[in-house]
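Fold and geometry: a report
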Amino acid sequence: MKYNCIFTTITAMLLAFAGHAQVGFSGMTKPVFEETPAKSTGLDKIYVLHNTAGVSMNYTASTGQTVTWYTYGEQGGGHAEELNGIVRNGNVSTLSQVIANKGYVIEEGTKRTYVWVVNYADYYLALNSLMAESDGDCGSATINVNGNGPDMVYYAINGVRHLLDRQMKLQYYTLVWNNESKQYTQESVSDNQETFKPTIVIQAPLCNTSFKLSGDRFLDFWGEGVSVESDTYATAAVEVQTTAVQERRENNNEKGTGDGSTLGGSAPVNITFTAHCSDAVVHKEWQMATDAEFKNIQLRLNQEVVEQSFTEAGTFYWRFIGSNATGTCEAYGETYTVNIGESELVCPNIFSPGSTQGVNDVWKVSYKSIIEFRCWIFNSWGVQICELTDPSQGWDGTYKGKLVAPGVYYYVIQAKGADGKKYKLDGDINILRYKKNKYGTSSGSEAGE
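Values in this document were obtained by computation on a predicted structure and should not be read as measured data. (Residues numbered from 1 in each chain as written. Predicted model: local features only at pLDDT ≥ 70, side-chain atom pairs only at ≥ 80, totals over all residues. Heavy atoms only, no water.)

Digging into the sheet that holds strand E26 (residues 305-310)
Spelled out, the test is: For two strands to count as paired, DSSP must find a minimum of two bridges between them. Helix and strand assignments follow DSSP, with helices taken as H or I runs no shorter than four residues and strands as E runs no shorter than two, numbered in order from the N terminus. Geometry is summarised by axes, namely lines fitted to C-alpha atoms with helices restricted to the contacting stretch, and by angles between N-to-C directions that run from 0 to 180 degrees.
The strand order across the open sheet formed by 3 strands is E21-E23-E26, and the pairing between neighbours is antiparallel. Of all strands in the sheet, those with a lone pairing partner are strand E21 (240-246) and E26, marking the two edges. Strand after strand, the sheet turns through a mean of 20 degrees between neighbouring axes, direction not considered. As paired elements, strand E23 (residues 269-277) and E26 share 6 bridges and run antiparallel to each other. Paired with Asn-270 across the two strands is Ser-309, which belongs to E26.

Structure below.
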């Protein structure tokens, strides 16, 4: 007879179940594989038997109440039918021959146990050979499996179809970028294959490798695991990673050196561009353009490391391109924007060497993007007492190792900016020197010659 009344809702079925299923089997040649499925299936257990031929199934009751067996198929528990021929011996009831690939409802009073029994012999996995296609595909690899392994199907109490995960392993190697060490390392990959597929498509590995397919978990459980391995797969896939590191200057009189978050600033700007390539990259090129779309490429360099000095004002774009031997697969690195600012040069006219250490005791220009610089300093008699060849340099107010006397001195500057601007400057430098009174405070300046 049909057993409809107990299958109104999944919730009711789960609430009706109390305790653990007390199901057993006898007559097996291999141990039984047990799995606890998701609660949403309404099943307490799934039992996978190596072969159900000659295997009986029994249930041990925990009370003296009558035990009734039902079985169902793909229509779900709502269409379960009572089983006849159950042998009862005390509190043990036995089904002498398991009905394979069916669901069972065992009712003991108000307690119900829901299980599904799988005959693995009907789904046996066979793996004969494995072949990976090396057809130059840039993004994916296709693996052809010669074998067989039907989907292992079971049905929830509500009739929903589910597949048992075979947990086959597809193993191979690829390259993985390590952002901390800034290099590619070869790592093994183990992809789970839930079901047998004659064709497996994966993301193409970044190195030459062989593929190994093994399993499944049921055969492994019984010590009968199988595996097949491919010949070496020659990858065509390419990937590149790039870095750009700017040399930083700590000149307190230079403007626009930035905080390190952007590239560029005050020229000259020295940047080291480095590319890291996966194994299949053969053609390597750094490109510099004056537009972000790289329609106006100014420079091409066929190397992985470039040390570039920027001495012209403007905006420049850099990127790296790597491709395989045939040029069919390309990979682009990050696009770097380098902004070089316009020049600026300002000269102070007062400083006070020898008065307060660290406070206005060195005469320096304030500058930005100055790429050529010469400065001469003279006393009032026209004697040259200092020459500077870099804008970051300064005059400490000494001549031949001694502080000069306070007074007026003169500078002459010839310089050139990254924007092509030329500077010819001259002017006064007033040296002040403050005297200390008995209270340690300044009280005027000393007279000078």
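Still to come is the rest of the account.
Quick look at empty space enclosed by the protein
In this approach the atoms are scanned with a rolling probe the size of a water molecule, which exposes any empty space left behind. Rules: The method works on a 1 Å grid over the protein atoms by themselves. A cavity is a set of points holding a 1.4 Å probe that cannot get out, a pocket is an open set with protein on both sides within 12 Å along at least five of seven lines, and residues with an atom within 4 Å of a point line them. Grid points are joined across faces, edges and corners, and a volume is the space filled by probe spheres set on the points. By the convention adopted, Pro, Cys, Tyr, Trp, Phe, Met, Ile, Leu, Val and Ala count as nonpolar, Lys, Arg, Asp and Glu as charged, and the other residues, Gly among them, as polar.
Following the criterion strictly, the structure yields 1 cavity of 30 Å³ or more and no others. The computed volume of the largest cavity comes to approximately 50 Å³. Of the residues that constitute the lining of the largest cavity, the class distribution is 1 nonpolar, 4 polar and 3 charged.

Digging into the side chain of Thr-274
Filter applied, for reference: Note on contacts: a residue pair qualifies if any of its non-hydrogen atoms lie within 4.5 Å across the two residues.
In this fold, Thr-274 is placed in strand E23. Setting aside chain neighbours within four positions, we find Thr-274 in contact with Gln-241, Thr-242, Thr-243, Trp-286, Glu-304 and Val-305.

Some thoughts on the pairing of strand E34 (residues 384-388)
Two strands pair when backbone bridges link them, and strand E33 (residues 370-378) and E34 are joined in this way by 4 bridges, in the antiparallel orientation. Bridging from a neighbouring strand, Phe-378 pairs with Gln-384 of E34. Taking the residues that link successive antiparallel strands as the turn, the E33-E34 hairpin has 5 residues, and the phi of Gly-382 there is positive, at about 85 degrees.

Some words on the environment of Ala-275
Along the chain, the position of Ala-275 falls in strand E23. Counting along the chain gives 32 residues from Ala-275 to Thr-243, while the straight-line C-alpha distance between them is 6.6 Å. Among residues more than four places away in sequence, those in contact with Ala-275 are Gln-241, Thr-242, Trp-286, Glu-304 and Phe-320.

Brief notes about the sheet that holds strand E16 (residues 168-178)
Taken in spatial order, the 4 strands of this open sheet run E17-E16-E19-E20, and their pairing is antiparallel. The sheet terminates laterally at strand E17 (183-193) and strand E20 (226-229), the two strands that pair on one side only. Adjacent strand axes in the sheet meet at a mean angle of 25 degrees when their direction is disregarded. Bridge count for E16 against strand E19 (residues 212-215) is 3 bridges, and the pairing is antiparallel. Each bridged residue has a counterpart across the sheet, and for Lys-169 the counterpart in E19 is Ser-214.

A few points about the pattern of salt bridges
Rule in force here: Take a side-chain nitrogen of Lys or Arg and a carboxyl oxygen of Asp or Glu: if they are within 4 Å of each other, that pair is a salt bridge. To sort residues, take the accessible area from a 1.4 Å probe on protein chains only and compare it with the maximum for the residue type: under 20% means buried, over 50% means exposed, and anything in between is partly exposed.
In the structure shown here, the tally under the stated rule is 10 salt bridges. Taking the shortest distance from any N to any O, the salt bridge between Lys-45 and Glu-34 comes out at 3.8 Å. Of this pair, Lys-45 sits in strand E4 (residues 45-49) while Glu-34 sits in strand E3 (residues 33-35), and the two are 11 residues apart along the sequence. Overall, Lys-45 belongs to the partly exposed group, its relative accessible area being 23%. Of the residues examined, Glu-34 reaches a relative accessible area of 46% and is grouped as partly exposed. In this structure, the salt-bridge partner of Glu-254 is Arg-249, at a minimum N-O distance of 2.7 Å. Here Glu-254 falls in the buried class, since its relative accessible area comes to 8%.

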